[in-house]
Amino acid sequence: MTATYDAVVIGAGVIGTSIALGLARKGLKPLCVDMGAEAGHGSTSGSSSIIRPFYSTVDGASIAYEAHFYWKDWAGFLGAEDERGHTRYVNTGNLVVKCDRNDHMRKLLAMLDRIGCPYEEWSCERLKERFPTIVFDSFSPARRFEDDGFGEPNGRQISGAVFIPTGGYVTDPALAAHNMQRAAEANGAVFRFRSKVAEILTGNGRVSGVALAGGERIAAPVVVNASGPHSYKVNGLAAGVLDGMTIKTRALREEVCHVPAPEGIDYARSGMHFSDPDTSIYSRPDYGNDMLLGSEGPECDGHIWVDPDDFDREFSDRWQLQVMRLAQRFPTLGIPSRTKGVVEMYDVSTDWIPIYDKSDLPGFYMAVGTSGNQFKNSPIVGQMMAELIAACEAGHDHDAEPIQFPLRHTGLTANLGFYSRKREVNEESSFSVLG
Ligand SMILES: Cc1cc2nc3c(=O)[nH]c(=O)nc-3n(C[C@H](O)[C@H](O)[C@H](O)COP(=O)(O)OP(=O)(O)OC[C@H]3O[C@@H](n4cnc5c(N)ncnc54)[C@H](O)[C@@H]3O)c2cc1C
């Protein structure tokens, strides 16, 4: 007999588990299916899970600022226990370097003013008090090892930094997904693992369910693609869906490095999310006295687009390159001979802004193209998608009249039309992981 659910969510990463929770809270009975063994074991598990409110667009910044309050009261948001415990939000704040590359934060400060997000401007002296071995030289533009002038200052200096108190990082991103799974189950959602969706079924001009690899069929009037870096493959299974999108998605390989913190810095006390567009590196504390660092995607590095089912999970020379770029700012950072960290994928959209939308196939929805920057927003995405799905299934024309989602902590509003699959490429985007 074919099992029947109110909705099938494909993918149990932070996005899919949150959508399952959002739908279950609306009184529906969703099934969340994942081909992996556990919730959050896809690209979510490799996330740097940094929470920060600064984005290049007002819409992007508004929802990211709101997200801080969800993580601050994670247990309250979940309203359910997890036998593994809850993941932790370490509210260190964000420190963003002021440099030529970000016009010394002028545009971003105007953005923070506009959304009402507090911040402090820090002088270089104040930075030195916190990070005694920091260097103020400017090194931009970022270069590759083989380029002339790699690692050499350009004669200019950074002009300080901006401290934003409403940010930090989440200690265990996979556990965040598991926490949302448990909360969704407490509200009636069902989860299935080691089950790959191989077909999107249709009938009477709309979605009618999915077929799993092996042939089992599951009936549902609503199917949601939350398959992360596989999103373009899953969209390709659904009749006419890719043709109805101006924004496309694809999988990008990324390396994140774990290294001991620089000598001469009390990182256990001073460590925080540190964004340095001048060296194109972000960093944050990791377990013990370690530091986690990744790339902010300088142009010279190019992009390594991959097949999500077949890509190289070994570290490359990017690992050393990224660590050496961080060492430009913190010269007491050692360059370990053993590589440690994560090789994962972003699901990148054409303009590095996600797609949270319906599709041209009635009943088929998508929350994809999270572009390396949507972990923070995941608890809100589930609620936005549940709102969008309920409205569209009730006959609302979201393409013509985009749904407005109230952000209750900040009093701002998320215009879901911003995330449309049919939007024009958003030229305000950074076209990078910064969103
Ligand atoms: C290295 C890295 C660093 C990042 N750092 C940050 C950060 O600091 N801050 C931030 O906000 N964001 C960050 N992100 C982005 C954020 O982590 C992602 O946007 C988010 O985790 C994506 O979640 P997801 O649920 O969409 O995808 P995933 O976690 O990949 O989940 C998708 C799931 O779908 C399943 N699936 C795929 N195809 C099928 C199928 N056919 N059938 C069944 N199941 C299927 C997969 O098994 C997988 O579990 C980072 C991402 C990466 C990779």
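This one's a predicted model, so the numbers in the text were calculated from it and none came from an experiment.

### Section: the site of the ligand
Part 1 of the reasoning: Among the 40 residues in the neighbourhood of the ligand, the closest are listed as Gly11, Gly13, Gly42, Ser47 and Gly228.
Part 2 of the reasoning: Within the residue set of the shell around the ligand, elements represented by two or more residues are helix 1 (14-25), strand 15 (249-260) and strand 20 (341-349).
Part 3 of the reasoning: Per element, the largest residue contribution to the shell around the ligand is four residues, and it comes from strand 20.
Part 4 of the reasoning: Split by domain, the residues of the shell around the ligand number at least three in each of domain 1 (3-85 + 172-248 + 351-419) and domain 2 (94-165 + 250-348).

### Structural notes on the domain arrangement of the protein
Part 1 of the reasoning: Taken domain by domain, the protein holds domain 1 (3-85 + 172-248 + 351-419) and domain 2 (94-165 + 250-348).
Part 2 of the reasoning: Between domain 1 and domain 2, the residue contacts involve 25 residues of the former and 26 residues of the latter.
Part 3 of the reasoning: Going through the elements one at a time, helix 2 (58-72) and helix 7 (231-237) are the ones with two or more residues in the side of domain 1 that touches domain 2.
Part 4 of the reasoning: For the side of domain 1 that touches domain 2, the element with the most residues is helix 2, which contributes four residues.
Part 5 of the reasoning: Tallied by class, the residues present in the side of domain 1 that touches domain 2 amount to 11 nonpolar, 12 polar and two charged.

### Quick notes on the sheet that holds strand 5 (residues 89-90)
Part 1 of the reasoning: Strand order across the open sheet formed by three strands is 4-9-5, with antiparallel pairing between neighbours. In this open sheet, the two strands that pair with only one neighbour each are strand 4 (50-51) and strand 5.
Part 2 of the reasoning: Here strand 4 runs beside strand 9 (residues 168-170); their pairing, made up of two bridges, is antiparallel. Its bridge partner being in strand 9, Ile50 is matched across the sheet by Tyr169.

### Let's talk about the pairing of strand 12 (residues 206-212)
Part 1 of the reasoning: As judged from the six bridges shared by strand 11 (residues 197-203) and strand 12, these two strands associate in the antiparallel manner. From the neighbouring strand, Thr202 faces strand 12, where its bridge partner is Val207.
Part 2 of the reasoning: Taken together, strand 11 and the strand that follows it, strand 12, pair antiparallel across an intervening segment of two residues, in which Asn204 is found at a positive phi of about 55°.
Part 3 of the reasoning: With three bridges joining them, strand 12 and strand 13 (residues 217-219) adopt antiparallel strand pairing. Directly across from Gly209, in strand 13, lies its bridge partner Ala219.
Part 4 of the reasoning: Counted between consecutive antiparallel strands, the loop separating strand 12 from strand 13 contains four residues, among which Gly214 sits at a positive phi close to 110°.

### Some details on the nonpolar core
Part 1 of the reasoning: Grouped together as the largest cluster of nonpolar side chains are 120 residues, with contacts concentrated most on Val8, Ile19, Val223, Val224, Ala367 and Met385.
Part 2 of the reasoning: Residue assignment places this core across two domains, with domain 1 (3-85 + 172-248 + 351-419) and domain 2 (94-165 + 250-348) each supplying three or more.
Part 3 of the reasoning: If near-sequence neighbours (up to four positions away) are discounted, Val223 is found in contact with Val8, Ile10, Ile200, Val207, Val210, Gly363 and Phe364.

### A short note on the pairing of strand 15
Part 1 of the reasoning: Examined bridge by bridge, strand 15 and strand 20 share nine bridges and lie antiparallel to one another. Directly across from Leu252, in strand 20, lies its bridge partner Tyr346.
Part 2 of the reasoning: Here strand 15 pairs with strand 19 (residues 305-306) via two bridges, running antiparallel. Opposite Leu252, over in strand 19, you have Trp305 as the bridge partner.
Part 3 of the reasoning: With four bridges joining them, strand 15 and strand 18 (residues 290-295) adopt antiparallel strand pairing. Opposite His258, over in strand 18, you have Leu292 as the bridge partner.

The rules behind the values
- Residues numbered from 1 in each chain as written.
- Predicted model: local features only at pLDDT ≥ 70, side-chain atom pairs only at ≥ 80, totals over all residues.
- Near = placed C-beta within 6 Å.
- Helix = DSSP H or I, 4+ residues; strand = E, 2+ residues; numbered from the N terminus.
- Domains from an automatic or database assignment.
- Contact = placed C-beta atoms within 7 Å.
- Nonpolar A, V, L, I, M, F, W, Y, C, P; charged D, E, K, R; others polar.
- Pairing = 2+ DSSP bridges.
- Core = buried A, V, L, I, M, F, W, Y, C linked by C-beta atoms within 7 Å.
- Buried ≥ 20, exposed ≤ 12 C-beta atoms within 10 Å, placed from the backbone.

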